[in-house]
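Here's the letter readout for the chains.
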Amino acid sequence: MDTVLSKSLSELIKERHSVRKYDPTYKISQEEIKDILKEATLAPSSSNLQPWRFIVIQDQETKKELRTIANNQEQVVTASAVIAVLGDKEMYKSVEKVYRSALEAGFMDEANMERLIESTNKTYPFAPEETRKNIAAFDAGLISMQIMLIAKDRGFDTVPMGGFNKEQFMEKFKVSDRYYPVVLIPIGKAAAPAFKTTRLPLEDALIDYR
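Residues numbered from 1 in each chain as written. Predicted model: local features only at pLDDT ≥ 70, side-chain atom pairs only at ≥ 80, totals over all residues. Heavy atoms only, no water.

(A) Quick look at the packing of aromatic side chains. All chains considered together, the criterion is met by 3 aromatic pairs. Both rings, one in Tyr26 and one in Phe156, keep their centres 6.3 Å apart while their planes meet at 55°; by these two values the pair is tilted. One end of the pair, Tyr26, is in the loop between helix H1 (9-15) and helix H2 (30-40); the other, Phe156, is in the loop between helix H7 (129-153) and strand E3 (157-158), with 130 residues separating them in the sequence. A residue is classified by how much of its surface remains accessible, and Tyr26, at 22% relative accessible area, is partly exposed. (Phe/Tyr/Trp six-rings, centres within 6.5 Å; stacked < 30°, edge-to-face > 60°. Helix = DSSP H or I, 4+ residues; strand = E, 2+ residues; numbered from the N terminus. Buried < 20%, exposed > 50% of the residue type's maximum accessible area, 1.4 Å probe, protein only.)

(B) How the structure looks around the side chain of Lys63. Within the fold, Lys63 resides in helix H3 (residues 60-69). For the buried Lys63, which has no salt bridge, the nearest side chain bearing the opposite charge is Asp59, at an N-O separation of 8.8 Å. The residues contacting Lys63, other than those within four sequence positions of it, are Ile57, Gln58, Val76, Val77, Ala79, Ser80, Ala81 and Val82. (Lys, Arg positive; Asp, Glu negative; His and termini not counted. Salt bridge = Lys/Arg side-chain N within 4 Å of Asp/Glu carboxyl O. Contact = heavy atoms within 4.5 Å.)

(C) Looking closely at the environment of Lys166. Position of Lys166 relative to the elements: it lies in helix H8 (residues 166-172). Lys166 sits in the partly exposed class, given a relative accessible area of 28%. As for Lys166 and Ile207, which are separated by 41 residues in sequence, their C-alpha atoms are 34 Å apart. Among all residues touching Lys166, those that are not within four sequence positions of it are Pro181 and Val182.

(D) View of the packing of H2 against H7. Contact pair H2 / H7: the axes reach a minimum separation of 9 Å and the direction vectors enclose 130°. Classed by the angle they form, the pair H2 and H7 counts as oblique. Along this stretch, H2 crosses H7, giving a crossing that reads as right-handed. Packed against H2, whose contacting residues are Ile36, Leu37, Glu39 and Ala40, the element H7 presents Ile143, Gln146, Ile147, Ile150 and Ala151 at the interface. When its residues are assigned to classes, the contact of H2 with H7 shows 7 nonpolar, 1 polar and 1 charged. (Axes fitted to C-alpha atoms, helices over the stretch in contact; angles between N-to-C directions. Parallel < 35°, antiparallel > 145°, perpendicular 65-115°, else oblique. Left-handed = near helix turned anticlockwise from the far one by under 90°. Nonpolar A, V, L, I, M, F, W, Y, C, P; charged D, E, K, R; others polar.)

(E) View of the layout of surface pockets. For the largest pocket, the calculated volume is near 240 Å³. Every residue lining the largest pocket is listed: Asn48, Leu49, Gln50, Arg53, Ser94, Lys97, Val98, Ser101 and Ala102. Considering every element that reaches the lining of the largest pocket, the biggest residue donor is helix H5 (residues 95-104), with 4 residues. Considered class by class, the residues forming the lining of the largest pocket number 3 nonpolar, 4 polar and 2 charged. Size it by volume and the second largest pocket reaches roughly 160 Å³. Residue lining of the second largest pocket: Lys7, Ser8, Leu9, Leu12, Glu39, Met145, Gln146, Leu149, Ile150 and Asp153, and that is the complete set. Breaking the lining of the second largest pocket down by element, the ones donating at least two residues are H1 and H7. Here the element with the most residues in the lining of the second largest pocket is H7; it accounts for 5 residues. Classifying every residue of the lining of the second largest pocket by side-chain character gives 5 nonpolar, 2 polar and 3 charged. (1 Å grid on protein atoms, 1.4 Å probe; cavity = no way out; pocket = protein on both sides within 12 Å on 5 of 7 lines; lining within 4 Å. Points joined across faces, edges and corners; volume = space filled by probe spheres on them.)

(F) How the structure looks around the environment of Ala81. Structurally, Ala81 is set in strand E2 (residues 81-88). We classify Ala81 as buried; its relative accessible area is 0%. Along the backbone, Ala81 and Phe169 are 88 residues apart, and their C-alpha atoms lie at a distance of 16 Å. Sequence-distant contacts of Ala81, that is, excluding residues within four places in its chain, are made with Ile33, Val56, Ile57, Gln58, Lys63, Ile185, Pro186 and Ile187.

(G) Quick peek at the nonpolar core. Grouped together as the largest cluster of nonpolar side chains are 21 residues, with contacts concentrated most on Leu66, Phe169, Val175 and Leu184. Contributing elements (two or more residues each) for this core: H3, E2, H8 and strand E4 (179-188). A total of 3 residues in this core trace back to one element, the largest contributor, which is E2. Those residues in contact with Leu66, other than ones at most four positions away along the chain, are Ile57, Val76, Val82, Phe169, Phe173 and Leu184. Grouped together as the second largest cluster of nonpolar side chains are 20 residues, Ile28, Ala40, Ile143 and Val183 included. (Core = buried A, V, L, I, M, F, W, Y, C linked by side-chain atoms within 4.5 Å.)

This is how it looks when you write it as structure tokens:
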């Protein structure tokens, strides 16, 4: 396993760039990728329901097939792996496992656990599917950023990809209708520097400050 570099958060944010050229000979172990994902799951989520799921693609032939689904983008096949982040539209079905785990860890008492389970079961299942999809997409975005920063801290490069055929992806990987693909994240070692980018002045983004 690669040594964790443990740079400051500010350094990681400034150094992370979207990389599209990867060293195809560099391999990342399954153990390392699982460790990155495990750490990333500390991301916040609505009601702590953690509506993210992952499909990790490392097999070269499968990556070649994925490339056709992802608008023929080269990084899909040259990166060490592609992490697909999916949203769970039925995240409420995990509620008992989530809150019972918190009970067993001593973070809440049984009465509070039962109250939270009941509240979740009274709201989430009856929310419109589009609302639940938006919640899951938002939370998937949070964990995706964590994945990319943790990867950078470990010396890897990434790029978030929204440009792929989601219907074809679901068909290829036999994804249940309960889930839907949000983003693909190729991860590996850069073979060329990332394109540098600029950001709009803060004054353009800060609408109000009171």
